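Take a look at the letters that make up each chain.
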Amino acid sequence: MLISFKSKNDAIGVASILRSTGKNASAIQLPKKYSDRGCSFGVKIDARDFPAVEKAAAILKTKISRVYEVDNP
Amino acid sequence: MIYLDNSATSFPKPPAVVTEYSDCVKNYCANPGRSAHSLSNRAAEKVFETRYLLSQVFNVQAPAQIAFTGNCTASLNIGLKGFLGKGDHLIISDMEHNSVYRPAMALQRSGVSVSIAKADSDGVLNPDNLLPFIDSKTKMVCITHASNVGGGINNLAEIGAALHKRGILFMVDAAQTAGSVPIDVDSFNIDILAFSGHKGLMGPPGTGGIYIREGLVPKTIVEGGTGSLSENRYQPDFLPDRLECGTVNLPGIAALGGSLKFLLDTGIDTIRNHEIKLTDELLKRLGILPGLRILGPATNRASLVSVTFDDKDPSDIAQQLNKKYGIAVRSGLHCAPLAAKHFGISGSLRISPGAYSSMRDIRAVANALKEILSS
(Lines give C-alpha, C1' and ligand atoms only; values in the text may rest on other atoms or scores of the structure.)
Protein backbone atom coordinates (compact mmCIF):
# COMPACT_ATOMS: atom_id res chain seq x y z
CA MET A 1 0.00 0.00 0.00
CA LEU A 2 1.22 3.50 -0.82
CA ILE A 3 0.42 6.53 1.26
CA SER A 4 1.21 9.97 -0.05
CA PHE A 5 1.79 13.09 2.01
CA LYS A 6 1.99 16.81 1.39
CA SER A 7 5.73 16.85 1.78
CA LYS A 8 8.71 14.55 1.77
CA ASN A 9 9.37 15.58 5.33
CA ASP A 10 6.08 14.02 6.41
CA ALA A 11 6.72 10.83 4.44
CA ILE A 12 10.19 10.42 5.89
CA GLY A 13 8.90 11.15 9.38
CA VAL A 14 6.03 8.69 9.18
CA ALA A 15 8.27 5.95 7.79
CA SER A 16 10.81 6.64 10.51
CA ILE A 17 8.22 6.44 13.28
CA LEU A 18 6.79 3.23 11.87
CA ARG A 19 10.16 1.58 11.67
CA SER A 20 11.02 2.65 15.20
CA THR A 21 8.01 0.58 16.31
CA GLY A 22 9.16 -2.48 14.35
CA LYS A 23 6.95 -2.02 11.28
CA ASN A 24 8.19 -2.61 7.79
CA ALA A 25 7.86 0.81 6.17
CA SER A 26 9.95 2.84 3.80
CA ALA A 27 9.77 6.29 2.30
CA ILE A 28 9.86 6.23 -1.48
CA GLN A 29 9.67 8.66 -4.34
CA LEU A 30 6.28 8.00 -5.88
CA PRO A 31 6.15 6.96 -9.53
CA LYS A 32 4.67 9.69 -11.68
CA LYS A 33 1.31 7.95 -12.09
CA TYR A 34 0.80 8.11 -8.33
CA SER A 35 2.29 11.53 -7.89
CA ASP A 36 0.00 14.52 -7.81
CA ARG A 37 1.19 18.04 -7.17
CA GLY A 38 2.90 18.29 -3.84
CA CYS A 39 2.86 14.56 -3.20
CA SER A 40 5.97 13.20 -4.78
CA PHE A 41 7.06 11.29 -1.72
CA GLY A 42 5.12 8.59 0.01
CA VAL A 43 5.39 5.66 2.37
CA LYS A 44 5.18 2.05 1.30
CA ILE A 45 3.62 -0.15 3.97
CA ASP A 46 1.87 -3.41 4.55
CA ALA A 47 -1.88 -2.67 4.42
CA ARG A 48 -2.31 -4.05 7.95
CA ASP A 49 -0.14 -1.19 9.23
CA PHE A 50 -2.44 1.55 7.98
CA PRO A 51 -3.71 2.38 11.49
CA ALA A 52 -0.09 2.87 12.53
CA VAL A 53 0.36 5.33 9.66
CA GLU A 54 -2.65 7.31 10.84
CA LYS A 55 -1.20 7.33 14.34
CA ALA A 56 2.22 8.49 13.14
CA ALA A 57 0.63 11.21 11.01
CA ALA A 58 -1.26 12.39 14.08
CA ILE A 59 1.98 12.53 16.08
CA LEU A 60 3.48 14.73 13.40
CA LYS A 61 0.29 16.80 13.14
CA THR A 62 0.08 16.10 9.44
CA LYS A 63 -2.53 14.55 7.18
CA ILE A 64 -2.48 11.72 4.70
CA SER A 65 -2.95 13.05 1.18
CA ARG A 66 -3.90 9.88 -0.72
CA VAL A 67 -3.98 6.14 -0.28
CA TYR A 68 -3.14 3.80 -3.16
CA GLU A 69 -4.08 0.15 -2.87
CA VAL A 70 -1.07 -1.16 -4.74
CA ASP A 71 1.70 -3.44 -3.56
CA ASN A 72 4.35 -2.91 -6.19
CA PRO A 73 4.28 0.53 -7.74
CA MET B 1 42.34 25.85 29.18
CA ILE B 2 39.36 26.78 31.32
CA TYR B 3 36.60 27.61 28.86
CA LEU B 4 34.11 30.20 30.11
CA ASP B 5 32.87 31.60 26.80
CA ASN B 6 29.78 29.45 26.35
CA SER B 7 27.63 32.45 25.44
CA ALA B 8 29.66 32.71 22.24
CA THR B 9 29.56 28.98 21.61
CA SER B 10 29.44 25.99 23.93
CA PHE B 11 32.59 23.99 24.43
CA PRO B 12 33.36 21.17 24.82
CA LYS B 13 30.56 19.42 22.97
CA PRO B 14 28.93 16.19 24.16
CA PRO B 15 30.75 13.10 22.76
CA ALA B 16 27.66 12.25 20.69
CA VAL B 17 28.29 15.36 18.58
CA VAL B 18 31.59 13.92 17.43
CA THR B 19 30.28 10.40 16.86
CA GLU B 20 27.17 11.53 14.98
CA TYR B 21 29.14 13.97 12.80
CA SER B 22 31.75 11.35 12.03
CA ASP B 23 29.19 8.60 11.38
CA CYS B 24 27.34 10.84 8.95
CA VAL B 25 30.39 11.94 6.97
CA LYS B 26 31.76 8.41 6.85
CA ASN B 27 28.61 6.40 6.24
CA TYR B 28 25.59 8.22 4.84
CA CYS B 29 26.47 11.75 3.71
CA ALA B 30 23.97 11.75 0.83
CA ASN B 31 21.58 14.56 -0.03
CA PRO B 32 18.50 14.29 2.21
CA GLY B 33 15.06 14.72 0.69
CA ARG B 34 16.17 14.78 -2.92
CA SER B 35 16.73 11.29 -4.23
CA ALA B 36 14.91 8.30 -2.79
CA HIS B 37 17.76 5.80 -2.63
CA SER B 38 18.57 4.24 0.68
CA LEU B 39 21.43 6.58 1.60
CA SER B 40 19.36 9.66 0.82
CA ASN B 41 16.49 8.25 2.87
CA ARG B 42 18.82 7.51 5.74
CA ALA B 43 20.09 11.10 5.57
CA ALA B 44 16.52 12.42 5.44
CA GLU B 45 15.54 10.33 8.44
CA LYS B 46 18.43 11.79 10.41
CA VAL B 47 17.22 15.30 9.55
CA PHE B 48 13.73 14.28 10.59
CA GLU B 49 15.04 12.81 13.86
CA THR B 50 16.83 16.04 14.80
CA ARG B 51 13.78 18.09 13.86
CA TYR B 52 11.65 15.84 16.05
CA LEU B 53 14.06 16.18 18.99
CA LEU B 54 13.92 19.96 18.62
CA SER B 55 10.14 19.81 18.75
CA GLN B 56 10.45 18.03 22.09
CA VAL B 57 12.87 20.63 23.44
CA PHE B 58 10.53 23.54 22.62
CA ASN B 59 7.17 21.75 22.98
CA VAL B 60 6.34 22.24 19.30
CA GLN B 61 3.30 20.18 18.30
CA ALA B 62 4.09 19.88 14.58
CA PRO B 63 7.83 19.25 14.00
CA ALA B 64 7.53 20.35 10.36
CA GLN B 65 7.04 23.90 11.64
CA ILE B 66 10.73 23.93 12.52
CA ALA B 67 13.16 24.76 9.71
CA PHE B 68 16.92 24.45 9.87
CA THR B 69 19.04 27.50 9.15
CA GLY B 70 22.74 28.26 9.34
CA ASN B 71 22.51 30.14 12.63
CA CYS B 72 20.26 32.21 14.85
CA THR B 73 21.02 35.40 12.91
CA ALA B 74 19.67 33.85 9.71
CA SER B 75 16.55 32.76 11.60
CA LEU B 76 15.99 36.24 13.00
CA ASN B 77 16.35 37.76 9.53
CA ILE B 78 13.81 35.29 8.16
CA GLY B 79 11.35 36.09 10.94
CA LEU B 80 11.73 39.85 10.72
CA LYS B 81 11.93 40.25 6.95
CA GLY B 82 9.48 37.43 6.30
CA PHE B 83 6.62 39.07 8.15
CA LEU B 84 7.24 42.81 8.07
CA GLY B 85 6.85 45.29 5.22
CA LYS B 86 6.32 48.94 4.49
CA GLY B 87 3.81 50.52 6.86
CA ASP B 88 4.19 47.91 9.61
CA HIS B 89 5.37 48.74 13.11
CA LEU B 90 7.95 46.66 14.96
CA ILE B 91 8.90 46.87 18.62
CA ILE B 92 12.25 45.63 19.90
CA SER B 93 14.09 46.31 23.15
CA ASP B 94 17.36 48.02 23.93
CA MET B 95 18.82 44.69 25.01
CA GLU B 96 18.84 43.33 21.47
CA HIS B 97 21.88 41.87 19.78
CA ASN B 98 22.86 43.26 16.38
CA SER B 99 21.23 40.15 14.90
CA VAL B 100 17.90 41.84 15.70
CA TYR B 101 18.94 45.48 15.78
CA ARG B 102 20.59 45.57 12.34
CA PRO B 103 17.80 43.83 10.40
CA ALA B 104 15.35 46.08 12.26
CA MET B 105 17.30 49.14 11.12
CA ALA B 106 17.42 47.77 7.56
CA LEU B 107 13.65 47.33 7.68
CA GLN B 108 13.28 50.87 8.96
CA ARG B 109 15.01 52.09 5.81
CA SER B 110 12.41 50.27 3.76
CA GLY B 111 9.45 51.83 5.51
CA VAL B 112 8.89 49.76 8.66
CA SER B 113 8.62 51.92 11.77
CA VAL B 114 10.67 50.64 14.69
CA SER B 115 10.26 51.43 18.39
CA ILE B 116 12.87 50.50 20.97
CA ALA B 117 11.51 49.78 24.43
CA LYS B 118 13.89 50.42 27.29
CA ALA B 119 14.66 47.69 29.76
CA ASP B 120 14.88 48.44 33.48
CA SER B 121 18.23 49.38 35.00
CA ASP B 122 19.09 45.69 35.50
CA GLY B 123 18.55 45.00 31.80
CA VAL B 124 15.28 43.12 32.17
CA LEU B 125 12.35 44.27 30.04
CA ASN B 126 9.34 45.27 32.10
CA PRO B 127 6.12 44.72 30.07
CA ASP B 128 4.97 48.13 31.30
CA ASN B 129 7.80 49.68 29.30
CA LEU B 130 6.91 47.69 26.19
CA LEU B 131 3.12 47.68 25.91
CA PRO B 132 2.64 51.48 25.66
CA PHE B 133 4.48 51.41 22.32
CA ILE B 134 1.75 49.29 20.75
CA ASP B 135 -0.43 51.07 18.20
CA SER B 136 -2.79 50.02 15.42
CA LYS B 137 0.12 49.38 13.06
CA THR B 138 2.11 47.19 15.43
CA LYS B 139 2.59 43.85 13.74
CA MET B 140 5.39 42.29 15.73
CA VAL B 141 7.34 42.42 18.96
CA CYS B 142 10.78 40.85 18.72
CA ILE B 143 12.82 40.53 21.90
CA THR B 144 15.60 38.46 23.29
CA HIS B 145 14.82 35.81 25.90
CA ALA B 146 17.96 36.82 27.78
CA SER B 147 20.41 39.61 27.13
CA ASN B 148 23.84 38.44 26.04
CA VAL B 149 25.33 41.31 28.07
CA GLY B 150 23.26 41.68 31.24
CA GLY B 151 22.06 38.10 31.30
CA GLY B 152 18.62 39.00 32.68
CA ILE B 153 15.84 36.67 31.57
CA ASN B 154 12.70 38.33 30.25
CA ASN B 155 9.30 37.13 31.36
CA LEU B 156 8.13 35.62 28.06
CA ALA B 157 4.95 34.15 29.52
CA GLU B 158 3.68 37.55 30.66
CA ILE B 159 4.73 39.41 27.53
CA GLY B 160 3.48 36.62 25.24
CA ALA B 161 0.06 36.58 26.89
CA ALA B 162 -0.29 40.35 26.55
CA LEU B 163 0.65 40.25 22.86
CA HIS B 164 -1.52 37.23 22.07
CA LYS B 165 -4.53 39.07 23.49
CA ARG B 166 -3.83 41.94 21.08
CA GLY B 167 -3.15 39.73 18.05
CA ILE B 168 0.47 40.87 17.70
CA LEU B 169 3.16 38.48 16.46
CA PHE B 170 5.64 37.53 19.16
CA MET B 171 9.12 36.62 18.00
CA VAL B 172 11.79 35.53 20.46
CA ASP B 173 15.57 35.47 20.04
CA ALA B 174 16.57 32.43 22.09
CA ALA B 175 20.28 32.53 21.21
CA GLN B 176 21.30 32.69 24.87
CA THR B 177 18.71 30.36 26.32
CA ALA B 178 17.73 27.57 23.92
CA GLY B 179 18.82 24.35 25.59
CA SER B 180 19.84 25.90 28.87
CA VAL B 181 16.58 27.55 29.98
CA PRO B 182 13.23 25.79 29.44
CA ILE B 183 11.19 27.25 26.56
CA ASP B 184 7.62 26.26 25.78
CA VAL B 185 6.31 27.95 22.63
CA ASP B 186 2.71 27.17 23.50
CA SER B 187 2.58 28.38 27.07
CA PHE B 188 4.69 31.45 26.22
CA ASN B 189 2.49 32.23 23.18
CA ILE B 190 5.57 32.44 20.96
CA ASP B 191 4.73 32.73 17.26
CA ILE B 192 8.29 32.68 15.98
CA LEU B 193 11.30 31.30 17.80
CA ALA B 194 14.84 31.81 16.51
CA PHE B 195 17.55 29.66 18.02
CA SER B 196 21.15 28.77 17.64
CA GLY B 197 22.23 25.14 17.49
CA HIS B 198 25.74 25.60 18.82
CA LYS B 199 25.23 27.43 22.12
CA GLY B 200 22.94 25.95 24.79
CA LEU B 201 21.82 23.20 22.42
CA MET B 202 25.50 22.17 22.29
CA GLY B 203 25.59 21.23 18.61
CA PRO B 204 28.25 22.29 16.11
CA PRO B 205 28.61 25.80 14.67
CA GLY B 206 26.72 26.29 11.42
CA THR B 207 23.48 24.97 12.88
CA GLY B 208 20.41 26.93 13.89
CA GLY B 209 16.72 26.99 13.29
CA ILE B 210 13.42 28.75 13.34
CA TYR B 211 10.01 27.71 14.60
CA ILE B 212 6.98 29.37 13.02
CA ARG B 213 3.49 28.79 14.34
CA GLU B 214 1.22 26.80 12.05
CA GLY B 215 -0.85 29.02 9.76
CA LEU B 216 1.81 31.73 9.50
CA VAL B 217 3.55 31.84 6.13
CA PRO B 218 6.61 34.08 5.88
CA LYS B 219 7.70 35.87 2.75
CA THR B 220 10.84 34.19 1.52
CA ILE B 221 14.16 35.98 1.47
CA VAL B 222 15.89 33.09 -0.30
CA GLU B 223 14.28 30.85 -2.92
CA GLY B 224 15.51 27.72 -4.64
CA GLY B 225 15.33 23.97 -4.92
CA THR B 226 13.56 22.07 -2.20
CA GLY B 227 13.07 18.64 -3.74
CA SER B 228 9.33 19.25 -3.61
CA LEU B 229 6.80 20.85 -5.99
CA SER B 230 9.65 21.20 -8.47
CA GLU B 231 7.22 21.87 -11.31
CA ASN B 232 6.06 25.03 -9.55
CA ARG B 233 7.82 28.32 -10.27
CA TYR B 234 7.18 29.54 -6.75
CA GLN B 235 8.54 28.39 -3.43
CA PRO B 236 6.30 25.86 -1.58
CA ASP B 237 4.08 27.56 0.99
CA PHE B 238 4.55 24.90 3.65
CA LEU B 239 7.32 24.43 6.16
CA PRO B 240 10.03 23.31 6.36
CA ASP B 241 10.37 23.34 2.55
CA ARG B 242 9.50 27.03 2.28
CA LEU B 243 12.61 27.94 4.24
CA GLU B 244 14.93 25.03 3.55
CA CYS B 245 16.12 25.44 -0.01
CA GLY B 246 19.48 24.15 -1.13
CA THR B 247 21.26 21.28 0.54
CA VAL B 248 21.09 21.40 4.33
CA ASN B 249 24.08 21.01 6.65
CA LEU B 250 23.53 17.27 7.10
CA PRO B 251 26.57 16.44 9.28
CA GLY B 252 25.86 19.47 11.43
CA ILE B 253 22.21 18.53 11.82
CA ALA B 254 23.13 14.93 12.63
CA ALA B 255 25.60 16.14 15.26
CA LEU B 256 22.98 18.52 16.65
CA GLY B 257 20.72 15.50 17.02
CA GLY B 258 23.44 13.89 19.12
CA SER B 259 23.66 16.87 21.45
CA LEU B 260 19.87 17.08 21.71
CA LYS B 261 19.72 13.48 22.87
CA PHE B 262 22.33 14.32 25.48
CA LEU B 263 20.29 17.35 26.58
CA LEU B 264 17.02 15.47 26.78
CA ASP B 265 18.63 12.53 28.59
CA THR B 266 20.36 14.83 31.07
CA GLY B 267 17.36 17.13 31.38
CA ILE B 268 17.33 20.83 30.57
CA ASP B 269 16.20 21.51 34.16
CA THR B 270 19.25 19.65 35.47
CA ILE B 271 21.57 21.71 33.27
CA ARG B 272 19.74 24.89 34.23
CA ASN B 273 20.14 24.13 37.95
CA HIS B 274 23.83 23.36 37.48
CA GLU B 275 24.39 26.64 35.66
CA ILE B 276 22.41 28.60 38.25
CA LYS B 277 24.71 27.24 40.98
CA LEU B 278 27.79 28.22 38.98
CA THR B 279 26.44 31.68 38.17
CA ASP B 280 25.39 32.32 41.79
CA GLU B 281 28.84 31.34 43.00
CA LEU B 282 30.43 33.60 40.42
CA LEU B 283 28.21 36.52 41.44
CA LYS B 284 29.06 35.89 45.10
CA ARG B 285 32.82 35.78 44.50
CA LEU B 286 32.93 38.72 42.08
CA GLY B 287 30.58 40.82 44.21
CA ILE B 288 33.22 41.26 46.91
CA LEU B 289 36.01 42.39 44.58
CA PRO B 290 36.72 46.12 44.75
CA GLY B 291 36.74 48.17 41.55
CA LEU B 292 34.44 45.80 39.69
CA ARG B 293 30.84 46.37 38.61
CA ILE B 294 28.49 43.50 37.82
CA LEU B 295 25.90 44.13 35.09
CA GLY B 296 22.40 42.68 35.14
CA PRO B 297 20.03 41.36 37.79
CA ALA B 298 20.97 39.54 40.99
CA THR B 299 18.80 36.54 40.15
CA ASN B 300 16.92 34.92 37.27
CA ARG B 301 19.66 35.24 34.73
CA ALA B 302 21.14 33.19 31.93
CA SER B 303 24.47 31.53 32.56
CA LEU B 304 26.62 34.59 32.06
CA VAL B 305 28.06 37.40 34.13
CA SER B 306 29.39 40.57 32.54
CA VAL B 307 31.55 42.96 34.53
CA THR B 308 33.32 46.29 34.05
CA PHE B 309 36.24 47.74 35.97
CA ASP B 310 36.80 51.16 37.51
CA ASP B 311 40.21 51.72 36.00
CA LYS B 312 41.02 48.76 33.81
CA ASP B 313 40.14 47.87 30.24
CA PRO B 314 38.06 44.65 29.97
CA SER B 315 40.03 43.64 26.86
CA ASP B 316 43.34 43.89 28.72
CA ILE B 317 41.98 41.73 31.49
CA ALA B 318 40.60 39.17 29.03
CA GLN B 319 44.10 38.98 27.48
CA GLN B 320 45.68 38.43 30.87
CA LEU B 321 43.18 35.76 31.78
CA ASN B 322 43.99 33.97 28.54
CA LYS B 323 47.78 34.30 28.61
CA LYS B 324 48.61 34.04 32.30
CA TYR B 325 45.79 31.86 33.62
CA GLY B 326 44.60 29.91 30.60
CA ILE B 327 41.03 31.13 31.02
CA ALA B 328 38.86 31.87 27.96
CA VAL B 329 36.33 34.70 28.33
CA ARG B 330 35.05 37.39 25.98
CA SER B 331 35.43 41.16 26.13
CA GLY B 332 34.02 44.01 24.08
CA LEU B 333 30.56 45.17 23.04
CA HIS B 334 29.31 41.62 22.46
CA CYS B 335 27.57 42.84 19.27
CA ALA B 336 25.02 44.63 21.45
CA PRO B 337 25.66 48.39 21.22
CA LEU B 338 22.20 49.26 22.55
CA ALA B 339 22.82 47.24 25.70
CA ALA B 340 26.21 48.90 26.19
CA LYS B 341 24.53 52.29 25.93
CA HIS B 342 21.83 51.15 28.34
CA PHE B 343 24.41 50.16 30.96
CA GLY B 344 26.54 53.25 30.22
CA ILE B 345 29.64 51.28 29.27
CA SER B 346 31.95 51.04 26.30
CA GLY B 347 32.56 47.33 26.72
CA SER B 348 32.59 44.59 29.33
CA LEU B 349 34.19 41.31 30.24
CA ARG B 350 31.78 38.39 29.97
CA ILE B 351 32.22 35.13 31.84
CA SER B 352 29.81 32.44 30.67
CA PRO B 353 29.87 28.97 32.26
CA GLY B 354 28.27 26.06 30.45
CA ALA B 355 27.01 22.57 31.08
CA TYR B 356 30.54 21.20 31.36
CA SER B 357 31.87 24.00 33.60
CA SER B 358 32.68 23.25 37.23
CA MET B 359 32.91 25.06 40.55
CA ARG B 360 36.67 24.73 40.22
CA ASP B 361 36.48 26.80 37.00
CA ILE B 362 34.47 29.47 38.82
CA ARG B 363 36.94 29.61 41.70
CA ALA B 364 39.82 29.84 39.22
CA VAL B 365 38.41 32.82 37.31
CA ALA B 366 37.38 34.63 40.51
CA ASN B 367 40.83 34.13 42.07
CA ALA B 368 42.54 35.22 38.86
CA LEU B 369 40.46 38.40 38.71
CA LYS B 370 41.19 39.08 42.37
CA GLU B 371 44.91 38.77 41.68
CA ILE B 372 44.78 40.96 38.56
CA LEU B 373 42.76 43.68 40.28
CA SER B 374 45.06 43.81 43.28
CA SER B 375 48.20 44.06 41.17
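Residues numbered from 1 in each chain as written. Chains lettered and ligands numbered in written order. Predicted model: local features only at pLDDT ≥ 70, side-chain atom pairs only at ≥ 80, totals over all residues. Heavy atoms only, no water.

### Concerning the overall build of chain B
Move 1: Across its full length, chain B holds eleven helices and 13 strands.
Move 2: Against the compact-globule benchmark of 21 Å for 375 residues, chain B has a radius of gyration of 21 Å, which places it among compact chains.
Move 3: When its C-alpha atoms are laid out on the principal axes, chain B stretches across 70 × 55 × 30 Å.
Move 4: When the accessible surface of chain B is split by element, carbon and sulfur atoms take 51% of a total near 14800 Å².
Move 5: Positive and negative side-chain charges in chain B, numbering 36 and 34 respectively, have mean positions lying 4 Å apart. (Helix = DSSP H or I, 4+ residues; strand = E, 2+ residues; numbered from the N terminus. Rg over C-alpha atoms; globule rule 2.2 N^0.38 Å. Areas by Shrake-Rupley, 256 points an atom, 1.4 Å probe, with all protein chains shown as cover. Lys, Arg positive; Asp, Glu negative; His and termini not counted. Charge placed at Lys NZ, Arg CZ, Asp CG, Glu CD.)

### Topic: the overall build of chain A
Move 1: Broken down by element type, chain A carries two helices and four strands.
Move 2: Counting from the amino terminus, chain A carries its helices and strands in the arrangement β-α-β-β-α-β.
Move 3: For chain A, restricting intrachain contacts to residue pairs at least 6 apart in sequence, the fraction spanning at least 24 positions comes to 70%.
Move 4: Element-wise, carbon and sulfur atoms account for 48% of the exposed surface of chain A, whose accessible area totals about 3800 Å². (Contact = heavy atoms within 4.5 Å.)

### Things to note about the environment of C24 of chain B
All names here are of chain B.
Move 1: Structurally, the position occupied by C24 is in helix α1 (residues 15-28).
Move 2: What makes C24 buried here is its relative accessible area of 0%.
Move 3: Residues C24 and A339 lie 315 residues apart in sequence; the distance between their C-alpha atoms is 40 Å. (Buried < 20%, exposed > 50% of the residue type's maximum accessible area, 1.4 Å probe, protein only.)

### What about the state of the cysteines?
Move 1: Inspection of the entire model under this criterion finds zero disulfides over all chains.
Move 2: Unpaired in this structure, C72 of chain B has its nearest cysteine sulfur neighbour in C142 of chain B, at a distance of 9.2 Å. (Disulfide = S-S within 2.5 Å.)

### Quick look at the interface of chain B and chain A
Move 1: Taken residue by residue, the interface counts 23 residues in chain B and 20 residues in chain A.
Move 2: Where chain B abuts chain A, roughly 1700 Å² becomes buried across the two surfaces, and 56% of that area is made up of carbon and sulfur atoms.
Move 3: When residues of chain B are sorted by the area they lose upon contact with chain A, E45, F48 and F238 of chain B head the list and together hold 31% of the total.
Move 4: Counting the contacts that link chain B with chain A gives two salt bridges.
Move 5: Across the pair D241 of chain B and K8 of chain A runs a salt bridge, and its minimum N-O distance is 3.3 Å.
Move 6: Taken together, the links from chain B to chain A amount to five residue pairs in polar contact (both at pLDDT 80 or more). (Buried area = accessible area lost by both parts, 1.4 Å probe. Salt bridge = Lys/Arg side-chain N within 4 Å of Asp/Glu carboxyl O. Polar contact = N/O pair within 3.5 Å; in protein donor to acceptor, adjacent residues only side chain to side chain.)

### Quick notes on the sheet that holds strand β5 (residues 138-144) of chain B
Residue and element names in this part refer to chain B.
Move 1: Ordered in space as β2-β8-β7-β6-β5-β3-β4, the seven strands form an open sheet in which the pairing is mixed. Strand pairing shows two members of the sheet lacking a second neighbour, β2 (66-69) and β4 (113-117), which therefore form its edges. Strand-to-strand twist across the sheet, computed as the mean angle between neighbouring axes with direction ignored, equals 20 degrees.
Move 2: By the bridge criterion, three bridges tie strand β3 (residues 89-93) to β5 in an arrangement that is parallel. Counted as the bridge partner of H89 is T138 from β5.
Move 3: Contacts from helix α3 (residues 72-83) reach β2, β3, β5, β6 (169-173), β7 (192-196) and β8 (208-212) within the one sheet, and its direction differs from that of β7 by about 160 degrees. (Pairing = 2+ DSSP bridges. Axes fitted to C-alpha atoms, helices over the stretch in contact; angles between N-to-C directions.)

### Observations regarding unusual backbone geometry
For residues besides glycine, phi is generally negative; the peptide bonds are generally trans as well.
Residue and element names in this part refer to chain B.
Move 1: Going from F11 to P12, the amide bond is cis rather than trans, its omega being -5 degrees.
Move 2: On the secondary structure map, P12 appears in the loop between β1 (2-3) and α1.
Move 3: Along the chain, L239 connects to P240 via a cis peptide bond; the corresponding omega equals 0 degrees.
Move 4: Mapped onto the secondary structure, P240 falls in the loop between β8 and α7 (250-266).
Move 5: The phi dihedral of N300 falls on the positive side, at around 50 degrees, and the residue is not glycine.
Move 6: Along the chain, N300 turns up in the loop between β9 (292-294) and β10 (305-309).

### A few points about the packing of aromatic side chains
Residue and element names in this part refer to chain B.
Move 1: Tallying each qualifying case throughout the model produces four aromatic pairs over all chains.
Move 2: Seen from their ring centres, Y3 and F11 are 5.4 Å apart, and the 70 degrees between their planes marks the pair as edge-to-face.
Move 3: Between the aromatic rings of F262 and Y356, the centroid separation amounts to 5.8 Å while the plane-to-plane angle is 25 degrees, which identifies the pairing as stacked. Residue F262 is found in helix α7, and its partner Y356 is found in the loop between β13 (348-351) and α11 (359-374); the two are separated by 94 residues along the sequence. (Phe/Tyr/Trp six-rings, centres within 6.5 Å; stacked < 30°, edge-to-face > 60°.)

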